[in-house]
Amino acid sequence: MTHPVRRPQPPERAFVRRAASLLFAGLAVVSLGACDSDTSADSADTATTDAPNGTADPADTGGSSSDISGPTATVPTDIPDELVGEIGALDVIGDVLPVYEDDIATDPAIGLAAPVLIGTGFDGNPVRVDAAADGPTMLVYLAHWCPHCNAEVRVINGLRDAGAFPEGLNIIAVSTAPSPDRANFPPSQWVDDMGWTYPVIVDGVDLAAGAYLGPTAYGLDGFPFVTLIDGDGTVAARWSGEAGADKIVERISTYLEM
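So, how was this worked out
- Residues numbered from 1 in each chain as written.
- Predicted model: local features only at pLDDT ≥ 70, side-chain atom pairs only at ≥ 80, totals over all residues.
- Heavy atoms only, no water.
- Helix = DSSP H or I, 4+ residues; strand = E, 2+ residues; numbered from the N terminus.
- Buried < 20%, exposed > 50% of the residue type's maximum accessible area, 1.4 Å probe, protein only.
- Contact = heavy atoms within 4.5 Å.
- Areas by Shrake-Rupley, 256 points an atom, 1.4 Å probe, with all protein chains shown as cover.
- Pairing = 2+ DSSP bridges.
- Axes fitted to C-alpha atoms, helices over the stretch in contact; angles between N-to-C directions.
- Core = buried A, V, L, I, M, F, W, Y, C linked by side-chain atoms within 4.5 Å.
- Phe/Tyr/Trp six-rings, centres within 6.5 Å; stacked < 30°, edge-to-face > 60°.
- Lys NZ or Arg CZ within 6 Å of the ring centre and 35° of its normal.
- pLDDT = per-residue confidence, 0-100.

Engineer: Sorry, what's going on with the overall build of the protein here?
Structural biologist: Along its length, the protein carries 5 helices and 12 strands. Evaluated residue by residue, the protein yields a buried proportion of 54% over its 258 residues. Sequence separation of at least 24 residues holds for 76% of the intrachain contacts in the protein that already meet a minimum separation of 6. Here the protein displays about 10800 Å² of accessible surface, and carbon together with sulfur accounts for 48% of that area.

Pasting the structure below:
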């Protein structure tokens, strides 16, 4: 069953200075920002998109496979033309997680079933987040205009290139909150320019509820937002904002059963 449930606005965090809004056909769709209101997003550095030695092709990395079906949802027909291809069809299966409250140790979502996401990449191929079926997963929510996301993508790419991630860990991004008036648009080009080689799900939107589906389902309170999901499909840890290389590796080792 799909649960596109709108959640209340979170309290302001040190790294969440404001909520940015994006208008879709006259409806305000909440776009949470982990970026200063007076700071524009870093420009994406041009980088190779070739997978490094020892890294699987994105189409064969956990979450994206030709043997899974795509979403049953459809993209709203009344989104602005410039967002066609940057908003996707997304199925959310399972209960919505509580909003993250900036405490990784006492997060009430730990141990809860992580919602399964079934969507598509920018190429239209199906991508799935289902750790119970595909194995331990690190799910990363990214917004193209957020400088913290730009910085964290570079960190994750560096860990990838150094072989620092444990074997068998699926890493999947959700591209959300696209904004034509902000830096690095469109996100479909941005992920390529950043050299991201892992699968990407294009987030969906519920125009009636005025909410993005993926962030709502996972209780996002800022960008970037990471959820570690154990192989049994339950939430192992969540955090928001930049973590940096050492903390990412430490948290995977501490919270995930690999």
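Here the narrative resumes.
Engineer: So what exactly am I meant to see when it comes to the sheet that holds strand β12 (residues 235-240) here?
Structural biologist: Think of a sheet as strands paired side by side through backbone hydrogen bonds, with each pair either parallel or antiparallel. An order of β8-β7-β6-β11-β12 is seen for the 5 strands of this open sheet, with the pairing classed as mixed. Of all the strands in the sheet, just β8 (200-202) and β12 have a single pairing partner and so form its edges. Strand-to-strand twist in this sheet, taken as the mean axis angle between neighbours without regard to direction, amounts to 20°. Direction of pairing for strand β6 (residues 137-142) relative to strand β7 (residues 170-175): parallel, over a ladder of 6 bridges. Across the sheet, residue Val140 finds its bridge partner in β7, namely Ala173. Taken strand by strand, helix α5 (residues 245-255) contacts β6, β11 (225-229) and β12, and its axis lies near 160° from that of β12.

Engineer: For this particular structure, what's the right way to read the nonpolar core?
Structural biologist: Buried together is how nonpolar side chains tend to be arranged in soluble globular proteins. Core analysis: the biggest nonpolar cluster contains 60 residues, and Leu117, Met138, Phe165 and Tyr218 have the highest contact counts within it. No other element matches β6, which puts 5 residues into this core. Setting aside residues no more than four positions away along its own chain, Met138 makes contact with Ile156, Phe165, Leu169, Asn170, Ile171, Ile172, Val226, Thr227, Leu228, Ile248 and Ile252.

Engineer: What is the right way to look at the sheet that holds strand β4 (residues 116-120) in this model?
Structural biologist: Within the open sheet, the 3 strands sit side by side as β3-β4-β5. Their pairing is antiparallel. A single partner strand is all that each edge strand has here, and the edge strands are β3 (91-93) and β5 (126-129). For this sheet, the mean inter-axis angle between neighbouring strands, taken without regard to orientation, is 15°. By the bridge criterion, 4 bridges tie β4 to β5 in an arrangement that is antiparallel. By the bridge assignment for β5, Leu117 is matched with Val129.

Engineer: Is there a simple way to think about the packing of aromatic side chains in this case?
Structural biologist: A ring pair, where both rings are aromatic, is described by two values, the distance of the centres and the angle of the planes. Under the counting rule described, the total for this entry stands at 5 aromatic pairs. Note on Trp196 and Tyr198: the rings are 5.5 Å apart at their centroids and 70° apart in plane angle, and the pair reads as edge-to-face. Taken as a pair, Trp196 and Tyr198 share a single burial class, namely buried. Stacked on the ring of Trp145, the Lys or Arg Arg182 has its end atom at 3.9 Å from the ring centre. Note that Arg251 overlies the ring of Trp239, its terminal NZ or CZ placed 4.8 Å from the centroid.

Engineer: Just to check I follow, could you spell out the pairing of β6 for this structure?
Structural biologist: Consecutive side chains along a regular strand alternate between the two faces of the sheet. Summarising burial for β6: 6 of the 6 residues are buried, a large majority. Residues Thr137, Leu139 and Tyr141 line one face of β6 and the alternating positions Met138, Val140 and Leu142 line the opposite face, and both faces are buried. Across 5 bridges, the pairing between β6 and β11 is antiparallel. Looking at the pairing, Met138 lines up with Leu228 of β11.

Engineer: For this particular structure, what's the right way to read the confidence of the model for the protein?
Structural biologist: Detailed reading of the predicted model is not advised wherever pLDDT is low. Residues at a pLDDT of 70 or more form 74% of the protein, whose mean pLDDT is 81. Confidence over residues 1-33 falls short of pLDDT 50; this stretch has 98 contacts with residues more than four positions distant or in other chains. When the criterion is pLDDT under 50, residues 45-62 qualifies, and its contacts beyond four places in sequence or with other chains add up to 31 contacts.

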